[in-house]
Amino acid sequence: DQQVKQNSPSLSVQEGRISILNCDYTNSMFDYFLWYKKYPAEGPTFLISISSIKDKNEDGRFTVFLNKSAKHLSLHIVPSQPGDSAVYFCAASQGGSEKLVFGKGTKLTVNP
Amino acid sequence: NAGVTQTPKFRVLKTGQSMTLLCAQDMNHEYMYWYRQDPGMGLRLIHYSVGEGTTAKGEVPDGYNVSRLKKQNFLLGLESAAPSQTSVYFCASKRRVNYGYTFGSGTRLTVV
């Protein structure tokens, strides 16, 4: 049973345009969500997070939106840059849990 | 500040051989984790530890054993390697009250 789903394995956008990466979850007890970015041959690195008490969190070019009723979150990257090309993992945690549950990842390619 | 260090970075094993992957963190983190990443499968939790001397099973623990004899080290053992254990293995750690993980750079293991 996949609790965190990233249904798009890949996404390709032009430099300067918006990239939107989507993530759905099934466990209504999840209350904290994170996005990780992973380059080839490197470990994932933390990008941005959001608590369930918020519906939006912004950090520079990166914004995460949370729709609790739809159990959906999205990561917006504006403007997209070639250096953003990576695999993006969505992750979720249930209050007090020591574990994160990860999605399968979406490979973003930003074309110059 | 090295963060999370994994050794070795690459290894080729023959079926039936054993080996130990070492993870070391210098951030005084309480929690440590071992994940494996396979194409199309995302990050799957193998085992984790919430403190020195403790270990617990994750999502895919079969065929692996772990030990956390020292707070800074988390060892992942394969007693009898199988081709199905060909994967990239990531170690991660985090503080007790922090949701975010810090990942190592990974160990690419091939079992032939």
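For the structure, see preceding data.
About the criteria used
Residues numbered from 1 in each chain as written. Chains lettered and ligands numbered in written order. Predicted model: local features only at pLDDT ≥ 70, side-chain atom pairs only at ≥ 80, totals over all residues. Heavy atoms only, no water. Helix = DSSP H or I, 4+ residues; strand = E, 2+ residues; numbered from the N terminus. Rg over C-alpha atoms; globule rule 2.2 N^0.38 Å. Contact = heavy atoms within 4.5 Å. Areas by Shrake-Rupley, 256 points an atom, 1.4 Å probe, with all protein chains shown as cover. Lys, Arg positive; Asp, Glu negative; His and termini not counted. Charge placed at Lys NZ, Arg CZ, Asp CG, Glu CD. Pairing = 2+ DSSP bridges. Buried area = accessible area lost by both parts, 1.4 Å probe. Salt bridge = Lys/Arg side-chain N within 4 Å of Asp/Glu carboxyl O. Polar contact = N/O pair within 3.5 Å; in protein donor to acceptor, adjacent residues only side chain to side chain. Nonpolar A, V, L, I, M, F, W, Y, C, P; charged D, E, K, R; others polar. Disulfide = S-S within 2.5 Å. Buried < 20%, exposed > 50% of the residue type's maximum accessible area, 1.4 Å probe, protein only.

K.L.:
I keep staring at the overall build of chain A and nothing clicks. Help me out?
P.N.:
When helices and strands are tallied, chain A shows 0 helices and 11 strands. Ordering the α and β elements of chain A from the N terminus gives β-β-β-β-β-β-β-β-β-β-β. On C-alpha atoms alone, chain A measures out to a radius of gyration of 13 Å, which is about the 13 Å that the 2.2 N^0.38 rule sets for 112 residues. Residue pairs in contact within chain A that sit at least 24 positions apart in sequence constitute 54% of those at least 6 positions apart. Summed over all atoms, the accessible surface of chain A reaches about 5400 Å², with 48% contributed by carbon and sulfur. Taking the 12 positively charged and 10 negatively charged side chains of chain A as two groups, their mean positions are separated by 4 Å.

K.L.:
Is there a simple way to explain the pairing of strand E6 (residues 56-59) of chain A in this structure?
P.N.:
Consecutive residues of a regular strand have side chains that alternate between opposite faces of the sheet. Residues and elements named next belong to chain A. In terms of strand pairing, E6 meets strand E7 (residues 62-67) through 4 bridges, oriented antiparallel. Looking at E7, one finds that Asn57 is bridged to Val64. The antiparallel pairing of E6 with E7 creates a hairpin that spans 2 residues between the two strands, and Gly60 there sits at a positive phi of about 65°.

K.L.:
I would appreciate a short explanation of the interface of chain B and chain A in the present structure.
P.N.:
Accessible area lost during the coming together of the parts is what is often quoted as the interface size. Taken together, the contact pairs 19 residues of chain B with 19 residues of chain A. Across the chain B to chain A interface the summed buried area is about 1500 Å²; carbon plus sulfur atoms make up 65%. Connecting chain B to chain A are 0 salt bridges. The interface formed by chain B and chain A includes 5 residue pairs in polar contact (both at pLDDT 80 or more). Elements supplying a minimum of two residues to the side of chain B that touches chain A: strand E4 (31-38), strand E5 (42-49) and strand E9 (87-94) of chain B. Its residues assigned to classes, the side of chain B that touches chain A comprises 12 nonpolar, 6 polar and 1 charged.

K.L.:
Looking at this structure, I do not really get the environment of Arg11 of chain B. What am I missing?
P.N.:
All names here are of chain B. With respect to the helices and strands, Arg11 occurs in strand E2 (residues 10-13). In this structure the C-alpha to C-alpha distance between Arg11 and Thr107, which are 96 residues apart in sequence, comes to 7.6 Å. With near-sequence residues (within four places) excluded, Arg11 lies in contact with Met19, Arg108, Leu109 and Thr110.

K.L.:
Help me understand the state of the cysteines in this model?
P.N.:
Throughout this description, disulfide means a covalent bond between two cysteine sulfur atoms. All names here are of chain A. Across all of its chains, the model carries 2 disulfides over all chains by this definition. Each sulfur of the disulfide joining Cys23 and Cys90 lies 2.1 Å from the other. Here the disulfide of Cys23 and Cys90 is left-handed, its torsion about the S-S bond being about -75°. Pair noted here: Cys23 is in strand E3 (residues 19-25) and Cys90 is in strand E9 (residues 86-94), with a separation of 67 residues, a long-range link. Judged on exposure class, the residue Cys23 and its partner Cys90 are both buried.

Remember, this is a structural readout, not a statement about activity or role.
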